[in-house]
Amino acid sequence: MAFHIHLRTSIIIVFIAVFFPVEAQLRNPATNEIVKPGEYERQLMDDLLSKFPFREFARPAVNESESLVVAMGMALQQIMDVDEVNQIITTNIWLTLTWTDETLSWNESEYGGISSIRLPPSKIWTPDILLYNCANENFDSTYHSNVVVSSTGCCEWIPPGIFKSACSIDVTNFPWDNQTCKLKFGSWTYDGGRINLTKLDEEGDISAFKTNGEWELNGVDVLRNVVYYPCCKDPFIDITFQIRLTRKTLYYAMNLVMPCILISVLMLLVFTLPPDTGEKLSFAVTILLSLTVFMMIFTESLPPTSDSTPMLSNYFSAMLIMVAMAVVLTMTILNFHHRNPDTHTMSYLVKLVCLDWLPWFLHMSRPGHTFKGPFKNSGNLSNQEMEIEMLDQSPGYRRKMAATSGYQNNGRTPLALHQQGPTGVIGVRYASYHEQQEGLMDKTIIGRDNQGIQARDKMDNVLDELHFMTERFKKNDDDEEVVGDWKFAAMVLDRFGLIFFSIYLVIATIVILNTAPNFRKEVLGINV
């Protein structure tokens, strides 16, 4: 029974709602009149927009001779891209423009207590503020949002936009660099006598800024510039926002700087490879090509400008020069190592530098040699005497003298004698065994017959062969000594290259990288 009662009630309510609709009504608290929803706002818009025709073109100044004050600010949301090659910065910014339009004021009590409304910017006057240093094809890249108008006539317009602006990139301290990009806004047609553009705040709003992976935001400064031009008596006013950025260097340090240093260190290993391996020069050339490839990759990320030279480019150039000099020195070392007495003769200067001075300076040792250095030689010695002194230090000469002293100790005739030559230089004369035995043989074969003479001839032939073999062994010893000198000179140059280029690498790295203030701050911990 109760179910049927509820069913009948529901049917009656639906019937009344369908055939006898009742419009929702509101009552004005001031006049106690019943009004429809949204009627006050529609009436207010109609009154404001129809009261003054062409209001979107007329400057809403109370006095035509006075300038209209327009305050401007910005809220930086994101740094989307910094293109160093084309020198363009892309930012996401919300602009804020406020001014007063007396023709858009109303009494709140007459319109249901409405304190503010939203009007499209195409229906009212808005300042023609544009980005002067815009780098976008669409010069005005803002979204024309509605203008918030209060009952006092105060208009607030916040058009968001993605701005591409020209930014002069200073790559001197790249990648430890600071950049300042400017966004210059101003009226395109109104001078300072028509619009007085002022700063809304002393600094830009960065409270909602989204952090960037490459750049660290240091702040946004707001500057007001008044510029006079010869064409006009009234100045032109602009508001410039300076975005101060610091590059985050971790990416570049791990992908550019560190590989470059490691490749340069590998170049030092070239001087530790033995020349007989056959890979010494090819290894040096490979490192040179690797460093060249890294430098090409580095230059692709920089603008093609001649105003300044990047610090890292100077470092790459210094390392490239070092590797090139190391390749040249490696070729010289290989040339010295493979020289022989049949093709080359070691000059006195090469002997003096590579076989005496440099080994003494580098604290090297060679069996059977004593290096005197450039300051221990007597200044009164002539070149010939210095050559004789160097001859006394040669291992081949000491081997001959040892053999000679051996014969003397055994009571035999010496094979080598110190003899004064016609030039006054003490030389060495080797006597043949045939000459020493000739007198004895002459005494023993006197009175012999033809058989003894034939035996003597055979003995002479044998002695001649022994003399030839002795001279051949002596020449081989001398050649081995000369080859050993060339190889030792190559080893000295290897040691010199290792030490010299190690010092060069350390000094160049510290001096060049230390020129960047941010490098001293981040790496060395020195505040500048």
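Not measured: the values here are computed from a predicted model. Residue positions are given per chain, counted from 1 along the sequence in the order it is written. A pLDDT threshold of at least 70 governs which residues receive local features in this predicted model, and a stricter bar of 80 or more applies before side-chain atom pairs are shown or counted, although totals over entire chains, interfaces and linings include all residues. Each side-chain value is derived from all of the structure's non-hydrogen atoms; neither hydrogens nor water enter the calculation.

All right, on to the overall build of the protein chain then. Only DSSP runs of H or I covering at least 4 residues are called helices, and only runs of E covering at least 2 are called strands; the numbering of each starts at the N terminus. What the protein chain contains, in helices and strands, is 11 helices and 15 strands. Partly exposed residues are those whose accessible area sits between 20% and 50% of the maximum for their type, while under 20% is buried and over 50% is exposed, using a 1.4 Å probe and protein chains only. Looking at the protein chain as a whole, 35% of its 528 residues qualify as buried. Two residues form a contact once any of their heavy atoms are found within 4.5 Å. By sequence separation, contacts in the protein chain at least 24 residues apart represent 70% of the contacts at least 6 residues apart. If you sum the accessible surface of the protein chain, you get close to 31,100 Å²; carbon and sulfur atoms cover 59% of it. Areas reported here follow the Shrake-Rupley algorithm with a probe of radius 1.4 Å; residue values treat only the protein chains shown as occluding.

With that settled, consider the sheet that holds strand β10 (residues 178–187). Between any two strands, pairing holds if DSSP finds at least two bridges. With respect to topology, four strands assemble into an open sheet ordered β6-β10-β13-β12, the strand pairing being antiparallel. Strand pairing shows two members of the sheet lacking a second neighbour, β6 (129–131) and β12 (215–227), which therefore form its edges. Along the sheet, successive strands turn relative to each other by an average axial angle of 25 degrees, direction set aside. Where β12 meets strand β13 (residues 236–247), 12 bridges bridge the pair, whose relative direction is antiparallel. Bridge assignment links Leu223 to a residue of β13, and that residue is Thr240. Convention adopted: a line fitted to C-alpha atoms gives each axis, helices being fitted over their contacting stretch, and angles between N-to-C directions are expressed from 0 to 180 degrees.

The disulfide criterion used throughout: a pair of cysteine sulfur atoms within 2.5 Å. Across all of its chains, the model carries one disulfide by this definition. Here Cys167 is linked by a disulfide to Cys181, with a sulfur-sulfur distance of 2.0 Å. On the sign convention where negative is left-handed, the bridge of Cys167 and Cys181, at about -80 degrees about the S-S bond, is left-handed. Of the two residues, Cys167 sits in the loop between β9 (160–166) and β10 while Cys181 sits in strand β10, which places them 14 residues apart along the sequence. Exposure class is identical for Cys167 and Cys181. Each is buried.

What follows deals with helix α2 (residues 39–51). By this rule, a helix spans an expected 1.5 Å times one less than how many residues it contains. Along its 13 residues, α2 runs 18 Å from first to last C-alpha, staying within 8% of the 18 Å computed at 1.5 Å per residue. All of the buried residues in α2 are Tyr40, Leu44 and Leu48. Take α2 and look down its axis: the buried residues cluster within an arc of 60 degrees, on one side only. In this description, one arc is meant: the one made by directions from the helix axis to the C-beta atoms.

Let's shift gears to unusual backbone geometry. Pro175 follows Phe174 through a cis peptide bond whose omega is 0 degrees. As for its placement among the helices and strands, Pro175 is situated in the loop between β9 and β10. Phi at Gln87 is positive, roughly 55 degrees, even though this residue is not glycine. Mapped onto the elements, Gln87 comes out in the loop between β3 (68–83) and β4 (88–100). The phi torsion at His363 lies on the positive side, around 60 degrees, for a residue other than glycine.

Let us look at the pairing of strand β5 (residues 116–119). Residues of β5 alternate between two faces, with Ile117 and Leu119 buried on one and Ser116 and Arg118 left unburied on the opposite face. With four bridges joining them, β5 and strand β7 (residues 147–150) adopt antiparallel strand pairing. Counted as the bridge partner of Ser116 is Ser150 from β7.

Next up on the list: the pattern of salt bridges. Two side chains that carry opposite charge are able to pair once their charged atoms sit near each other. Within this document, salt bridges are pairs made up of a side-chain nitrogen of Lys or Arg and a carboxyl oxygen of Asp or Glu, the two lying within 4 Å of each other. Counting across every chain of the model gives nine salt bridges. Here Arg59 makes a salt bridge to Glu64, at a shortest N to O gap of 3.6 Å. Among the residues examined, Arg59 registers a relative accessible area of 9% and is labelled buried. With a relative accessible area of 55%, Glu64 lands in the exposed category.

This part is about the packing of aromatic side chains. The geometry of an aromatic ring pair is captured by the separation of the ring centres together with the interplanar angle, meaning the angle of the planes. Paired rings are identified among Phe, Tyr and Trp, the last through its six-membered ring, by centres lying within 6.5 Å, and are further divided according to the angle between planes into stacked (under 30 degrees), edge-to-face (over 60) and tilted (the rest). Throughout the structure, instances matching the rule amount to 14 aromatic pairs. When the centroid spacing of 5.7 Å and the interplanar angle of 15 degrees are considered together, the rings of Phe496 and Phe500 count as stacked. On the criterion of helical spacing, the pair formed by Phe496 and Phe500 is a turn pair, its members being four residues apart in helix α10 (residues 450–513). Note on Phe496: relative accessible area 29%, which makes it partly exposed. On the accessibility criterion, Phe500 (38% relative accessible area) is partly exposed. Chaining the aromatic ring pairs together yields one cluster made of Phe174, Tyr251, Tyr252, Phe298 and Phe316. Look at NZ for Lys and CZ for Arg. If either is within 6 Å of the ring centre and within 35 degrees of the ring normal, a charge sits over the ring. Positioned above the aromatic ring of Phe488 is the side chain of Arg366, whose terminal nitrogen or guanidinium carbon lies 4.7 Å from the ring centre.

To continue, consider the side chain of Thr246. Looking at the secondary structure, you find Thr246 in strand β13. Only 2.6 Å separates the side chain of Thr246 from the side chain of Asn218, close enough to count as a polar contact. With near-sequence residues (within four places) excluded, Thr246 lies in contact with Asp177, Asn178, Glu214, Trp215, Glu216, Asn218 and Asn518. What qualifies as a polar contact is a pair of N or O atoms within 3.5 Å, subject to a donor-acceptor requirement within protein and to the restriction that residues adjacent in sequence count only when both atoms come from side chains.

A few words now on the confidence of the model for the protein chain. What pLDDT expresses is the predictor's confidence in each residue, scored from 0 to 100. For the protein chain, mean pLDDT is 78; residues scoring 70 or higher make up 76% of the total. Scored below 50 in pLDDT, residues 18–26 shows 10 contacts in the model against residues more than four places distant or in partner chains. Long-range and interchain partners of residues 388–393, a stretch whose pLDDT sits below 50, account for 13 contacts in this model, where long-range means more than four residues apart.

A word on the packing of helix α3 (residues 250–268) against helix α5 (residues 311–337). Running from N to C, α3 and α5 cross one another at 15 degrees; their axes reach a closest spacing of 10 Å. Taken together, the axis directions place α3 and α5 in an arrangement best described as roughly parallel. You can see that α3 and α5 cross each other, and the crossing is left-handed. Contacts between α3 and α5 involve Leu256, Val257, Cys260, Ile261, Ser264 and Met267 from the first element and Leu312, Tyr315, Phe316, Met319, Met322, Val323, Ala326 and Val327 from the second. Any residue outside Ala, Val, Leu, Ile, Met, Phe, Trp, Tyr, Cys, Pro, Asp, Glu, Lys and Arg is labelled polar, Gly included; the first ten of those are nonpolar and the last four are charged. Partitioning the contact of α3 with α5 into residue classes produces 13 nonpolar, one polar and no charged. Our angle categories are set so that under 35 degrees counts as roughly parallel, over 145 as roughly antiparallel, 65 to 115 as roughly perpendicular, and the remainder as oblique. Crossing handedness is read from the near helix: turned anticlockwise from the far helix by less than a right angle, it gives a left-handed crossing, and turned clockwise, a right-handed one.

Next up on the list: a nonpolar patch on the surface. Taken together, the side chains of Met459, Val462, Leu466, Phe468, Met469 and Phe473 make up a nonpolar region of the molecular surface, amounting to roughly 590 Å² of accessible area. Within the element layout of this structure, Met459 appears in helix α10. Each patch is built from residues that are more than 30% exposed by relative accessible area and take part in no salt bridge. Like charges join if they lie within 9 Å; nonpolar side chains (Val, Leu, Ile, Met, Phe, Trp, Tyr) join within 5 Å.

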